[in-house]
There are 2 protein chains.
Amino acid sequence: MAAKQRAASNPESGVLSQHKVISLETLRVACKNCSLSSLCLPMGLSPEDTERLDDIVRHARPLHRNDFLFRAGDRFRSLYVVKTGALKSFAPCPEGGEQVLGFHLPGEIIGLDAIDKELHVCSAKVLETSAICEIPFARLAELTATIPSLQHQMFRLLSKEIGHDTEMLLLLGKKSAEERLAVFLLSLSQRLQKRGLSASDFYLSMSRHEIGNYLGLAVETVSRIFTRFQEDGLMCVDRKHIQLLNLPALEALIGSTGQNRRQQQQ
Amino acid sequence: MAAKQRAASNPESGVLSQHKVISLETLRVACKNCSLSSLCLPMGLSPEDTERLDDIVRHARPLHRNDFLFRAGDRFRSLYVVKTGALKSFAPCPEGGEQVLGFHLPGEIIGLDAIDKELHVCSAKVLETSAICEIPFARLAELTATIPSLQHQMFRLLSKEIGHDTEMLLLLGKKSAEERLAVFLLSLSQRLQKRGLSASDFYLSMSRHEIGNYLGLAVETVSRIFTRFQEDGLMCVDRKHIQLLNLPALEALIGSTGQNRRQQQQ
DNA sequence: CGTTCCTTTGACTGCACTCAACTTCAGTGG
DNA sequence: CCACTGAAGTTGAGTGCAGTCAAAGGAACG
């Protein structure tokens, strides 16, 4: 296999670690883009409306590894947009333990599931030092009531989240361990690429444990399949450092294997 | 085990079969309640606003078994509220076959996942003769823009759907086959009870195949576990006719078995 | 009344889990 | 600097839950 190469940067800092300390003004400008990308860009808000939206966004100081953005049971007040870094959200299981619900990369929104009960039903924990924008929901709701295209954008955002969960249901209900890992890696790859980063060379900010929990697999299974993928020349793994060497082969693994775990319906 | 007792009504008609042919006026009045229960009741819309909402609701003629409400790929125009009957929604798998995403009983809304792309990504098929209200989304969006509490109600509705999907993720990721079936039965039970029907005696409108597909299990596993539950005195099964004989025991099965399939995290 | 679908049951198999040992690495303090 | 400690990851051996294959009995439907 190709020689494992150590990264110059600190492996611990993980995905997107190149964004380190950022001046407040930089963050402010960047965050304008950030709310833009999630809420405005797709619908093309007018500059004035974008300004109004940006005015209600709060820019919190950076959070660090293992900090909680919020905990299950907390009162819901705001949505959050990841500017840099990475988080995981997870729900406590009745019997103890937890179910990882998702990993959140820059540009992605957290907290949509809490609108219903005005209560956070899951917790959000920081995986690596992160900058996060806060959008007070009450003020956002005022804005959406006066900006129809923003309202529509919010509907779309919520609907998109449902669509994403749907894909996960299919993944957990019908796919083999190999397929789940392949989907996971490609999802990360695509989301990073969307942010202008390498689609084939990145750091994982989450542990094998968390990956396994997220995908409904045991840690050992994750480890074994990473090893197998490496043996097959699909990727190169060095601790948290991942290099995808054969994207087309990974994509082929997802759909056309014909080796699904569970039978088809009807 | 207890003698299997035949039901007087036609088993094929399934859940809620007692609602048969309904006069147009009855349906109209009923549907007012229907949109009320899903959209208005929890927020307490004013009578005038409720009237405005009811005005845009269309009352389609009843659909019959195997009819499609919409198909994956159809242009998205409306949300639908089940008045009577039952439907399933399912997504096509890349390799052929399908993933059942949910079963929809009276009072429940269908189509929220299509708002994002303005395209239905899943299909909805009628399981038993059903009356369904159509809510044109464009007109609904106009209304929500002028009625803040309705807007908030829509946000809540979408958020609730995300929360429901989250529960399903936990179910598929961490629960054993027995637990999945228990959750499924109790979910049906509670939803029927909410509509004023028996929580312990009902008909399934879906096949074992569809249940298994929904829960990520093989048909044979569903059948076997139904048999086992019956042997244990938890329920009485006669084809589609279900009687839950020991609700507390079923509930106990869900959380406290300590026999989960996959290990806990961290 | 034949065809087809649905359901159930049995026998067998295999994927992924569990248990366990070992290695590596990070952090801590002597 | 190095031993100690604990967390994280890897690997191997064994096992069990649920899937697959197969067959047969019923129900539904034309």
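Residues numbered from 1 in each chain as written. Chains lettered and ligands numbered in written order. Predicted model: local features only at pLDDT ≥ 70, side-chain atom pairs only at ≥ 80, totals over all residues. Heavy atoms only, no water.

Caption draft 1: Molecular detail of the pattern of salt bridges. Summed over the entire model, instances satisfying the criterion amount to 16 salt bridges over all chains. With a closest N to O distance of 3.8 Å, B:Lys160 and A:Asp116 form a salt bridge. Here the residue B:Lys160 occupies a position in helix α4 (residues 148-174), and A:Asp116 occupies one in the loop between β5 (109-110) and β6 (123-136), the pair thus bridging two chains. The network of salt bridges with shared partners includes A:Asp116, A:Lys117, B:Arg156 and B:Lys160. (Salt bridge = Lys/Arg side-chain N within 4 Å of Asp/Glu carboxyl O. Helix = DSSP H or I, 4+ residues; strand = E, 2+ residues; numbered from the N terminus.)

Caption draft 2: How the structure looks around the packing of helix α3 (residues 137-146) of chain B against α4(B). Residues and elements named next belong to chain B. It is the contact of α3 with α4, at a shortest axis distance of 5 Å, that shows an interaxial angle of 125°. What the angle tells us is that α3 and α4 run oblique. When you trace α3 past α4, the crossing you get is left-handed. Where α3 abuts α4, its residues Phe137, Leu140, Leu143, Thr144 and Thr146 lie against Pro148, Leu150, Gln151 and Met154. Across the contact of α3 with α4, the residue classes break down as six nonpolar, three polar and no charged. (Axes fitted to C-alpha atoms, helices over the stretch in contact; angles between N-to-C directions. Parallel < 35°, antiparallel > 145°, perpendicular 65-115°, else oblique. Left-handed = near helix turned anticlockwise from the far one by under 90°. Contact = heavy atoms within 4.5 Å. Nonpolar A, V, L, I, M, F, W, Y, C, P; charged D, E, K, R; others polar.)

Caption draft 3: Seen up close, the interface of chain A and chain B. Facing 55 residues of chain A, the contacting portion of chain B comprises 56 residues. With both sides pooled, the region where chain A packs onto chain B buries about 5,200 Å², and carbon together with sulfur makes up 57% of that total. Taken together, the links from chain A to chain B amount to four salt bridges. One salt bridge connects A:Arg156 with B:Asp116, and the closest N-O pair in it is separated by 3.3 Å. At the junction of chain A and chain B, the tally comes to 16 residue pairs in polar contact (both at pLDDT 80 or more). Elements represented by at least two residues in the side of chain A that touches chain B include exactly β4 (98-104), α3 (137-146), α4 (148-174), α6 (208-215), α7 (219-231) and α8 (247-255) of chain A. Sorting elements by how many residues they give to the side of chain A that touches chain B places α4(A) first, with 18 residues. Of the residues in the side of chain A that touches chain B, the class split is 21 nonpolar, 18 polar and 16 charged. (Buried area = accessible area lost by both parts, 1.4 Å probe. Polar contact = N/O pair within 3.5 Å; in protein donor to acceptor, adjacent residues only side chain to side chain.)

Caption draft 4: Layout of the relation of the copies chain A and chain B. Overlaying chain A on chain B yields an RMSD of 0.0 Å, the required transformation being a rotation through 180° with an accompanying axial translation of 0.0 Å. Within this description, the copies of the chain are treated as partners about a two-fold rotation axis. Comparing contact sets, 100% of the residues at the interface of chain A also lie at the interface in chain B, consistent with an isologous, same-surface contact. (Least-squares fit on C-alpha atoms with pLDDT ≥ 70 in both.)

Caption draft 5: Up close: the packing of aromatic side chains. Inspection of the entire model under this criterion finds 15 aromatic pairs over all chains. Between A:Phe68 and A:Phe90, the aromatic rings sit 6.4 Å apart at their centres with planes inclined by 55°, giving tilted as the arrangement. Of this pair, A:Phe68 sits in strand β2 (residues 68-70) while A:Phe90 sits in strand β3 (residues 78-92), placing them 22 residues apart in sequence. By relative accessible area, which is 28% here, A:Phe68 ends up partly exposed. Between B:Phe103 and B:Phe184, the aromatic rings sit 6.1 Å apart at their centres with planes inclined by 65°, giving edge-to-face as the arrangement. Here B:Phe103, found in strand β4 (residues 98-104), pairs with B:Phe184, found in helix α5 (residues 177-194); they are 81 residues apart in sequence, far enough to count as distant. As far as the burial class goes, B:Phe103 and B:Phe184 line up, both buried. The structure contains a cluster of three or more aromatic residues connected by ring pairs, namely A:Phe76, A:Phe137, A:Phe155, B:Phe76, B:Phe137 and B:Phe155. (Phe/Tyr/Trp six-rings, centres within 6.5 Å; stacked < 30°, edge-to-face > 60°. Buried < 20%, exposed > 50% of the residue type's maximum accessible area, 1.4 Å probe, protein only.)

Caption draft 6: Highlighting the environment of A:Thr146. Residue and element names in this part refer to chain A. Summarising the element assignment, Thr146 is placed in helix α3. Judged by its relative accessible area of 49%, Thr146 is partly exposed. Along the chain, Thr146 and Asp49 lie 97 residues apart, while their C-alpha atoms are 9.8 Å from each other. One polar contact links Thr146 to Arg52, side chain to side chain, over a distance of 3.1 Å.

Caption draft 7: Region of the structure containing the side chain of A:Lys125. Residues and elements named next belong to chain A. Locating Lys125 in the fold gives a position in strand β6. No salt bridge is formed by the buried Lys125, whose closest oppositely charged neighbour, Glu98, lies at an N-O distance of 6.3 Å. Those residues in contact with Lys125 that sit more than four places away from it in its chain are Asn66, Asp67, Phe68, Leu87, Lys88 and Phe90. (Lys, Arg positive; Asp, Glu negative; His and termini not counted.)

Caption draft 8: Region of the structure containing the sheet that holds strand β9 (residues 241-244) of chain A. All names here are of chain A. Taken together, the three strands give an open sheet; going across it, the order is β7-β9-β8, and neighbouring strands pair in antiparallel fashion. Both outer strands of the open sheet, β7 (201-203) and β8 (235-238), are each paired with one neighbouring strand and no more. The mean inter-strand angle of the sheet, taken between neighbouring strand axes irrespective of direction, is 15°. Where β7 meets β9, three bridges bridge the pair, whose relative direction is antiparallel. Bridge pairing links Tyr203 to His241 in β9. Lying over the sheet, helix α5 (residues 177-194) contacts β7, β8 and β9, oriented at roughly 100° with respect to β7. (Pairing = 2+ DSSP bridges.)

Caption draft 9: Quick look at the confidence of the model for chain A. With 79% of its residues at a pLDDT of at least 70, chain A reaches an overall mean of 83. Ignoring residues within four places in sequence, the model shows residues 1-30 of chain A, a span with pLDDT below 50, making 41 contacts including any to other chains. (pLDDT = per-residue confidence, 0-100.)

Caption draft 10: Representation of the sheet that holds strand β7 (residues 201-203) of chain B within the structure. Residue and element names in this part refer to chain B. A sheet is described by the order of its strands in space; here three strands give the open sequence β7-β9-β8, paired in antiparallel fashion. Either end of the sheet is taken by a strand with one partner, and the two such strands are β7 and β8 (235-238). Along the sheet, successive strands turn relative to each other by an average axial angle of 15°, direction set aside. Seen against the sheet, α5 touches β7, β8 and β9 (241-244) and runs at an angle of roughly 100° to β7.

Caption draft 11: Summary view of the environment of A:Ile242. Residues and elements named next belong to chain A. Tracing the backbone shows Ile242 in strand β9. With relative accessibility at 0%, the residue Ile242 sits in the buried group. C-alpha separation for the pair Ile242 and Leu204, spaced 38 residues apart in sequence, amounts to 7.1 Å. Among residues more than four places away in sequence, those in contact with Ile242 are Leu185, Ser200, Asp201, Phe202, Leu204, Phe226, Met235, Cys236 and Val237.

Caption draft 12: Fine view of the pairing of β8(A). Residue and element names in this part refer to chain A. Judged by which residues are buried, β8 turns out to be covered on both faces: Met235 and Val237 on one side and Cys236 and Asp238 on the other are all buried. Bridging between β8 and β9 involves four bridges; their strand directions are antiparallel. Bridging across to β9, Met235 finds its partner in Leu244. The hairpin formed by β8 and β9 contains two residues between the paired strands, and Arg239 there has a positive phi angle of roughly 55°.

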